[in-house]
Amino acid sequence: MVGKRLRIAVMSLAMGLWSVMAWANYSWNFPTPATPIATDTLHVHNKFMIIAMIIFFVVLGIMIFSIFNHRKDKGFKAATFTGPSTAKQVIWTLAPFALLLYIDFILMGIPAYHSVVMMEDTKNGADMVLKVTGMQWRWQYEYMDGYAKGIKFVSNLATPQDQIDNKAPKGEHYLLEVDEPVILPVNKKVRVILTSNDVIHTWWVPQFGVARDAIPGFLRETWVKIEQPGTYRGQCKELCGKGHGFMPVVVNAVSEDEFKKWADAKRAELATASAGADKTWSKEDLISHGKEVYEKNCAVCHQLDGKGVPPAFPPLAGSKVINGPIFDKDGKLIANSHLDRVLNGKNVMPAWKALLNDVDIASVVTYERNSFGNTMGDMLQPAQVKALR
Amino acid sequence: MSTATTTATHDHSHHDHHAPSGVMRWLTTTNHKDIGTMYLTFALVMFLVGGTMILGVRAELFKPGLQLMKPEFFNQLIGVHALVMIFAALMPAATGFANWMLPLQLGAPDMALPRLNNWGFWLLPPAAILLTAPFTLALFGIGDGAVATGWTLYAPLSVQGGIGVDFAIFSVHLLGISSVLGSINIIVTIFNMRAPGMTLFKMPLFAWGWLITAFLLIATIPVLAGAVTMLLTDRHFGTHFFDAAGGGDPILFQHLFWFFGHPEVYILLLPVWGFIPHILSAFSRKPVYGYKAQVYSFWAIGILSVVVWAHHFFTVGMPVPALLYFMYSTMSISLPLAVLFFCWIATMWKGSMSFETPMLFATGWIILFGIGGLTGLVLADVAADAQYHHSYFVVAHFHYTLFAGGIMGIMAGVYFWLPKMTGYMYSEKLGKLHFWMTAIAFNMTFIPQFFLGLAGMPRRIPDYALQFAEFNMISSIAAFILGLSQLILVYNIVSCVRGKGEKAKDNPWEGAQGLEWTLPSPPPYHSFTEQPVVK
């Protein structure tokens, strides 16, 4: 009876595993390389893996031979050698040493040397510079030179929370999709400069074969030269807090022409947005735009309902800071007021003035003062924010 | 000599009459076997605690989406799992064996510094409580849970973290003090308490492995203690060791941490490398091959282990010469390791082997640790490391070295010495079942993780993209089988301790050599009241 149950259990487990195997889209190696570094890395990896496997199976083979033949139950009488004492035994013992000397420093060491030198050569022949700033938990991109010089934007996870919470079916690029991918021209050597605003992040796109840390207060660099147009996806890979699994990197590689077209369009879009700071906004418009900004940028810590996750992330609902004045009677910004916190940050709170434009900041502040049960009733105009820059 | 013997005998009877009983016996004991037993029991309990934590993690990773826990809690589980497994399971298990076996193997009555020994152990439970208390405190609304930075405590994330980090810092301090005390005791015991005639080069390899481990601990634990203290002052007293804004450098923490962290790997492995050759020799009925070659390899690895640390963070960006130096020095660790592998296999070669549970574990250990070692060699390559680093490839790699190379090695030791320690034989059938379940489930858990890493799945993420789903599901199922299989180990140990099963002979293993097998099973309360003479 028990045996039968066990058999059924084992069978169903096996069938379950088999069904998983049947539809799986397994990947056994690095993804298709898209840059010279990734191609090189793949070759080095394949070569090293083959070497490692040969060593493994040869040694395993010797062991298995011994396990099957030198057994007590086969009546094999144990030898008594302790070695290495004779010259022959010393040579035998040093053989693996010598073999690995050759493998480490010639067979593996020489190609590895060339790969490292190539990987670290960020400056020679670089066509453009992209600055990447990591922060909890999004990436900011800034074009430092070339046609797109001056363009700067933040790239957030685009996967809706409902998909993460299993309330909606997951999309094809679940967790690997962003609202604004970074656009790069193909066949240009892009020098990528990295830094961070808070903790250490790692910018990683597997198909590029590069991963480099973004370190607060320091600049680090790497480079990519994408050979084929397409969308390339990656993730942060240094533990950076609760949102670590939710800050993807998406790069769209396009032709030179398309890159220029995109840069023109993007510049126009940014200009319109900053022009918005000069007009007077209605409270309704500020609140509705502010809600969008809030959900994209603030909700990850302060939560959609404004309740926060105390003590790390304080609630906005009923907050003394939010339900207090912003400007003193002379019209000066009060230190540690609502707007001061948003603009300049404090502790874990980032300084949003570097990340959001005047309209976004004015809207989100207005939204927060009039939501989650906060009833300040006032509003902040983008022009007031602009005046503080 | 004869005076010493008389005194020892007198002590023995004295102790039997007046030893405190109950809890006080364990709190005040200075006996190396009692303390060894406490270390081993503590290690087993914490092994199960750490295992339960990671089963929570594997359950969450069973399929994409957040099912069971918030990312904050997930991050706490992974970090505390690692700290518990390394500091509270693997290290105390090795120290437990050192306490139990070194006096027996060296022909000593006890460890050299028995009171220090007692203190060394009793620092551990408070450390474990400190480490895990924030979980409980969070339930009562105090703080936001345990340390959520991963076991590496990287600044600035750890500067930013909640009270869990402070608890972890003090826990690490206590664990560190305990390790240093234990190390001092072991070094003094090995240098001073050996039986007449037992020269250093006649010691069992276990003593050699532990001697080098002890030196490594004394050399590197203070660096870790310094690093976490700097972290503490950065957190609370306004220093800027790891803050660029004040002239510090976050990467300094990584250098300090891994200056300890890399030798730590060998601290965990050297004791195992010490006793595995003796197990291989016992069940091959053939002497250890290349004893001196192994000792020299231990030294070589011990020395190399303190000069390769930066290979743990190649992606932070270093000058090319530094990258090349750390790459080549890391690769060179494979040279002495190759000699060790050769000696292990040569010990089995042309032996008359039988495969009782300890031998099964030892054999499986060579193969699986081999996979860990070879993937480590591949990881040394800086360019490809950009892909492997902090991906599941690394997770799989270090579980092959630390679970297979560490814990499965310890299990070989448990089955080898359990009859000696308890006086009863475990069930060979259940022991073998435990081995096969562990070995198969372990590979099913971690082989998929190699492929996950290659495909681009970062470690320490609570949720993942859909292309990683199938391998994660297999890995999670196997992890639960692996976890549940360990209950067989618990059953085997408990039934030996309770005296179920056959009585063990003084030497239950046909081919086992060494002084510990000359004593009765279980050995008397004071091991060698009369010093044996080694020829």
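Criteria and thresholds
Residues numbered from 1 in each chain as written. Chains lettered and ligands numbered in written order. Predicted model: local features only at pLDDT ≥ 70, side-chain atom pairs only at ≥ 80, totals over all residues. Heavy atoms only, no water. Helix = DSSP H or I, 4+ residues; strand = E, 2+ residues; numbered from the N terminus. Rg over C-alpha atoms; globule rule 2.2 N^0.38 Å. Buried < 20%, exposed > 50% of the residue type's maximum accessible area, 1.4 Å probe, protein only. Contact = heavy atoms within 4.5 Å. Areas by Shrake-Rupley, 256 points an atom, 1.4 Å probe, with all protein chains shown as cover. Lys, Arg positive; Asp, Glu negative; His and termini not counted. Charge placed at Lys NZ, Arg CZ, Asp CG, Glu CD. 1 Å grid on protein atoms, 1.4 Å probe; cavity = no way out; pocket = protein on both sides within 12 Å on 5 of 7 lines; lining within 4 Å. Points joined across faces, edges and corners; volume = space filled by probe spheres on them. Nonpolar A, V, L, I, M, F, W, Y, C, P; charged D, E, K, R; others polar. Buried area = accessible area lost by both parts, 1.4 Å probe. Salt bridge = Lys/Arg side-chain N within 4 Å of Asp/Glu carboxyl O. Polar contact = N/O pair within 3.5 Å; in protein donor to acceptor, adjacent residues only side chain to side chain. Pairing = 2+ DSSP bridges. Axes fitted to C-alpha atoms, helices over the stretch in contact; angles between N-to-C directions. Expected span 1.5 Å × (residues − 1). Core = buried A, V, L, I, M, F, W, Y, C linked by side-chain atoms within 4.5 Å. Domains from an automatic or database assignment. Left-handed = near helix turned anticlockwise from the far one by under 90°. Phe/Tyr/Trp six-rings, centres within 6.5 Å; stacked < 30°, edge-to-face > 60°. Lys NZ or Arg CZ within 6 Å of the ring centre and 35° of its normal.

### Notes on the overall build of chain A
So, point 1. Within chain A, the regular secondary structure consists of 9 helices and 10 strands.
So, point 2. Computed over C-alpha atoms, the radius of gyration of chain A comes to 29 Å, more than 25% over the 21 Å expected from 2.2 N^0.38 for 389 residues, which places it beyond the range of a compact globule.
So, point 3. Taken over the C-alpha atoms alone, chain A extends approximately 100 × 70 × 40 Å along its principal axes.
So, point 4. Evaluated residue by residue, chain A yields a buried proportion of 46% over its 389 residues.
So, point 5. For chain A, contacts bridging at least 24 residues in sequence account for 63% of all contacts bridging at least 6.
So, point 6. A total accessible area of about 18,800 Å² is found for chain A, and carbon and sulfur atoms account for 61% of it.
So, point 7. Taking the 43 positively charged and 37 negatively charged side chains of chain A as two groups, their mean positions are separated by 9 Å.

### Overview of empty space enclosed by the protein
Residue and element names in this part refer to chain B.
So, point 1. In this structure the tally under the stated criterion is 2 cavities of 30 Å³ or more.
So, point 2. For the largest cavity, the calculated volume is near 150 Å³.
So, point 3. In terms of residue count, the dominant contributor to the lining of the largest cavity is helix H8 (residues 163-192) (6 residues).
So, point 4. Grouping the amino acids of the lining of the largest cavity by side-chain chemistry returns 13 nonpolar, 6 polar and no charged.
So, point 5. What the second largest cavity holds in volume is close to 30 Å³.

### Things to note about the interface of chain A and chain B
So, point 1. Contacts between the two partners involve 99 residues from chain A and, on the opposite side, 103 residues from chain B.
So, point 2. Each partner contributes to the roughly 8,300 Å² buried at the junction of chain A and chain B, and carbon and sulfur atoms together form 72% of this total.
So, point 3. At the boundary of chain A with chain B, the tally comes to 1 salt bridge.
So, point 4. Notably, a salt bridge pairs Lys72 of chain A with Glu510 of chain B, separated by 2.6 Å at the nearest N-O pair.
So, point 5. Along the contact surface separating chain A from chain B lie 27 residue pairs in polar contact (both at pLDDT 80 or more).

### Things to note about the environment of Thr86 of chain A
So, point 1. Topologically, Thr86 of chain A is positioned in the loop between helix H2 (36-69) and helix H3 (87-120).
So, point 2. Along the primary structure Thr86 of chain A and Val364 of chain A are separated by 278 residues, whereas in three dimensions their C-alpha atoms are 81 Å apart.

### Side note on the sheet that holds strand E7 (residues 210-214) of chain A
All names here are of chain A.
So, point 1. Strands sit in the order E4-E10-E9-E6-E7 across an open sheet of 5 strands; the sheet is mixed. Only two strands of the sheet have a single neighbouring strand rather than two, namely strand E4 (182-185) and E7. Each adjacent strand pair in this sheet contributes to an overall mean axis angle of 25°, direction not counted.
So, point 2. One ladder, built from 4 bridges, connects E4 with strand E10 (residues 248-254); its direction is parallel. Each residue of the ladder has a partner; that of Leu184, found in E10, is Ala253.

### Things to note about helix H9 (residues 205-236) of chain B
So, point 1. When the terminal C-alpha atoms of H9 of chain B are compared, their 45 Å separation across 32 residues agrees well with the 46 Å that a helix rising 1.5 Å per residue should span.
So, point 2. Directly beyond the C-terminal end of H9 of chain B, a positive phi value near 70° is found at Gly238 of chain B.

### Let's talk about helix H8 (residues 358-369) of chain A
One full turn of an α-helix is made of 3.6 residues, so residues set three or four places apart face in the same direction.
Residue and element names in this part refer to chain A.
So, point 1. When the terminal C-alpha atoms of H8 are compared, their 17 Å separation across 12 residues agrees well with the 16 Å that a helix rising 1.5 Å per residue should span.
So, point 2. Along H8, 12 of the 12 residues are buried, which leaves the element largely enclosed by surrounding structure.
So, point 3. Looking at H8, one finds that the buried residues are Asp358, Val359, Asp360, Ile361, Ala362, Ser363, Val364, Val365, Thr366, Tyr367, Glu368 and Arg369.
So, point 4. If you follow the buried residues of H8, they end up packed against helix H5 (256-275), helix H6 (283-302), helix H7 (338-344) and helix H9 (382-387).
So, point 5. You can read the cap of H8 off the contacts: a side-chain oxygen lies 3.1 Å from the backbone nitrogen of Val359, and it is on Asn357.

### As for the pattern of salt bridges
Residues and elements named next belong to chain A.
So, point 1. Going through the model one piece at a time under the given rule, you end up with 16 salt bridges over all chains.
So, point 2. Notably, a salt bridge pairs Lys123 with Glu221, separated by 3.2 Å at the nearest N-O pair. Residue Lys123 is found in the loop between H3 and strand E1 (128-135), and its partner Glu221 is found in strand E8 (residues 220-224); the two are separated by 98 residues along the sequence.
So, point 3. Judged by its relative accessible area of 22%, Glu221 falls in the partly exposed class.
So, point 4. A salt bridge links Glu256 to Lys260; the nearest nitrogen and oxygen atoms lie 3.9 Å apart. With Glu256 and Lys260 both in helix H5 and 4 residues apart, the pair spans about one turn of that helix.

### What about unusual backbone geometry?
So, point 1. Omega for the bond connecting Gln136 of chain A with Trp137 of chain A falls within 30 degrees of zero, at -5°, which places this linkage in the cis form.
So, point 2. Looking at where Trp137 of chain A falls in the secondary structure, it is placed in the loop between E1 and strand E2 (138-143).
So, point 3. Here Ala155 of chain B and Pro156 of chain B are connected by a cis peptide whose omega angle stands at 0°.
So, point 4. The backbone of His390 of chain B shows a phi angle near 55°, a positive value even though the residue is not glycine.
So, point 5. Within the secondary structure, His390 of chain B sits in the loop between helix H15 (382-388) and helix H16 (392-422).

### Considering the nonpolar core
So, point 1. Residues Trp273 and Tyr388 of chain B are the most contacted members of the largest nonpolar core, which totals 212 residues.
So, point 2. The element contributing the most residues to this core is helix H4 (residues 71-106) of chain B, with 23 residues.
So, point 3. Counting the residues that make up this core, at least three belong to each of domain 1 (31-61 + 84-120) and domain 2 (128-272) of chain A.
So, point 4. Grouped together as the second largest cluster of nonpolar side chains are 49 residues, Met128, Trp139, Phe153 and Trp223 of chain A included.

### What about the domain arrangement of chain A?
Residues and elements named next belong to chain A.
So, point 1. Structurally, chain A comprises domain 1 (31-61 + 84-120), domain 2 (128-272) and domain 3 (279-388).
So, point 2. Centre-to-centre separation of domain 1 and domain 2, based on C-alpha positions: 34 Å.
So, point 3. Every contact between the two is made by 13 residues of domain 1 and, on the other side, 12 residues of domain 2.
So, point 4. Both sides together, the interface formed by domain 1 and domain 2 hides about 1,000 Å², and carbon and sulfur atoms give 56% of it.
So, point 5. In this structure, Glu120 engages Arg212 in a salt bridge whose closest nitrogen and oxygen atoms are separated by 3.2 Å.
So, point 6. In this assembly, domain 1 and domain 2 are joined by 7 residue pairs in polar contact (both at pLDDT 80 or more).

### Points about the packing of helix H3 (residues 32-60) of chain B against H16 of chain B
All names here are of chain B.
So, point 1. The geometry of H3 relative to H16 is characterised by a closest axis approach of 13 Å and an angle of 150° between their N-to-C directions. For H3 against H16, the interelement crossing comes out left-handed. Along the contact surface, H3 presents Leu40, Phe47 and Arg58, while H16 presents Tyr392, Phe403, Ile407, Met411 and Met421.
So, point 2. A breakdown of the residues in the contact of H3 with H16 according to their chemical character gives 7 nonpolar, no polar and 1 charged.

### Observations concerning the packing of aromatic side chains
So, point 1. Following the criterion strictly, the structure yields 71 aromatic pairs over all chains and no others.
So, point 2. Ring geometry for Trp208 of chain B and Trp299 of chain B: centres 6.2 Å apart, planes at 75°, overall edge-to-face. Pair noted here: Trp208 of chain B is in helix H9 and Trp299 of chain B is in helix H11 (residues 291-305), with a separation of 91 residues, a long-range link.
So, point 3. Assessed through its relative accessible area of 4%, Trp208 of chain B is described here as buried.
So, point 4. Exposure remark for Trp299 of chain B: the relative accessible area of 31% places this residue in the partly exposed category.
So, point 5. A cation over a ring is seen here: Lys189 of chain A above Trp223 of chain A, with NZ or CZ 4.3 Å from the ring centre.
So, point 6. Here Lys286 of chain B stacks its cationic end above the ring of Phe81 of chain A, 4.0 Å away from the centre of that ring.

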